Amino acid sequence: MIANIPAKPYDFALEPARAAFVIIDMQRDFLEPGGFGAALGNDVSHLRSAIGPISALLAAWRAGGHLVIHTREGHRPDLSDLNAAKYRRGRFATRIGDDGPMGRILVRGAEGHDIIAELAPAGGEPVIDKPGKGAFYATDLETILRGRGITQLILAGVTTEVCVHTTLREANDRGFECLVLEDGTASYFPEFHRAALAMACAQDGIFGWVAPSSAILTAISSKTGVSI
Ligand code: TIU
């Protein structure tokens, strides 16, 4: 089944059986006070707008039996996968690996590294732990996608101009058709969010397509009869 999604810069022919819903870094470390995002000096409340739209599409996507993939940015407890440039970057009092209110900042196994409760992965959904901003760098994401015959990605998560955009660019160069979820992405900087979305689909789709969650929900529910 192909669902026609009204999108920018033009309609996207979504084939859910060959598409993955990739939810990027919806972790406590970015969305809750006391984590990595806050340690970088950000107002974390800006990111919460993405939760509802992701949650709605997640329910419909799961009901259709389609592939969901979650990613998390973070490092091994011994920080052996944290390069010196990333560790040193910025003039902040709290750094990756330091203790915070949700455990060690951006370290796997710490509470802050967990995906927020609202979007917790279901059993069997792959969770990709990534040391970088892009979800393809130093991970098995591409192997998992190719193994399942995936050619299209719906990208959501945070932040629009950092991990979502880096992943969008990596995916585009690997030949995946990408649609970025307009209301299911967010940034600490609303103007960067808007610019990142505009950049994604400029030049008639230089990196891909952009559409709101409602466009996908309407299209897939009318095809499958799954109520939303
Ligand atoms: N700082 C910022 O905007 N983002 C990140 O560091 N990582 C992700 O975007 N996940």
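Reading guide: rules and limits
Residues numbered from 1 in each chain as written. Predicted model: local features only at pLDDT ≥ 70, side-chain atom pairs only at ≥ 80, totals over all residues. Heavy atoms only, no water. Near = heavy atom within 4 Å. Polar contact = N/O pair within 3.5 Å; in protein donor to acceptor, adjacent residues only side chain to side chain. Areas by Shrake-Rupley, 256 points an atom, 1.4 Å probe, with all protein chains shown as cover. 1 Å grid on protein atoms, 1.4 Å probe; cavity = no way out; pocket = protein on both sides within 12 Å on 5 of 7 lines; lining within 4 Å. Sits in = over half its atoms within 2 Å of the grid points. Nonpolar A, V, L, I, M, F, W, Y, C, P; charged D, E, K, R; others polar. Core = buried A, V, L, I, M, F, W, Y, C linked by side-chain atoms within 4.5 Å. Buried < 20%, exposed > 50% of the residue type's maximum accessible area, 1.4 Å probe, protein only. Helix = DSSP H or I, 4+ residues; strand = E, 2+ residues; numbered from the N terminus. Contact = heavy atoms within 4.5 Å. Axes fitted to C-alpha atoms, helices over the stretch in contact; angles between N-to-C directions. Parallel < 35°, antiparallel > 145°, perpendicular 65-115°, else oblique. Left-handed = near helix turned anticlockwise from the far one by under 90°. Pairing = 2+ DSSP bridges.

## Considerations on the site of the ligand
Working step 1: If you check the shell around the ligand, you find D25, F30, F36, L40, E73, K133, V158, T159, V162, C163 and Y188 and nothing else.
Working step 2: D25 places a polar side-chain atom, nitrogen or oxygen, 2.7 Å from a nitrogen atom of the ligand.
Working step 3: Here the ligand has 290 Å² of accessible area as a free molecule, and 93% of this is covered by the chains.
Working step 4: A molecule is said to occupy a pocket when more than half its atoms come within 2 Å of that pocket's grid points, and by this definition the ligand occupies the largest pocket.
Working step 5: Along the lines of polarity and charge, the residues of the shell around the ligand split into 7 nonpolar, 1 polar and 3 charged.

## Notes on the nonpolar core
Working step 1: Ranked by internal contacts, the top residues of the largest apolar core, which has 43 residues, are I5, L14, F21, M26, I154, L179 and I216.
Working step 2: Ranked by the residues each element gives to this core, the list is headed by helix α3 (residues 51-63), at 6 residues.
Working step 3: For L179, the contacting residues outside a window of four places in its chain are I5, A7, F12, L153, I154, L155, W209, A211 and I216.
Working step 4: With 25 residues, the next largest nonpolar core counts I24, I69, L141 and C201 among its residues.

## A short note on the packing of helix α6 (residues 160-173) against helix α7 (residues 190-205)
Working step 1: At their nearest, the axes of α6 and α7 sit 10 Å apart, and the two run at 15 degrees to each other. With respect to their mutual orientation, α6 and α7 come out roughly parallel. Judged by the sense of rotation from one axis to the other, the crossing of α6 with α7 is right-handed. Each of T160, E161, H165, L168 and R169 in α6 lies in contact with α7, whose residues at this interface are F192, H193, A196, L197, M199 and A200.

## Details of the sheet that holds strand β9 (residues 177-186)
Working step 1: Pairing within the open sheet is parallel, and its 6 strands lie in the order β7-β4-β3-β8-β9-β10. Unpaired on one side and paired on the other, β7 (127-130) and β10 (209-211) mark the two borders of the sheet. Taking the axes of each pair of neighbouring strands and ignoring which way they run, one obtains an average angle of 25 degrees across the sheet.
Working step 2: One ladder, built from 6 bridges, connects strand β8 (residues 152-158) with β9; its direction is parallel.

Don't take any of this as a statement about function, it's just geometry.
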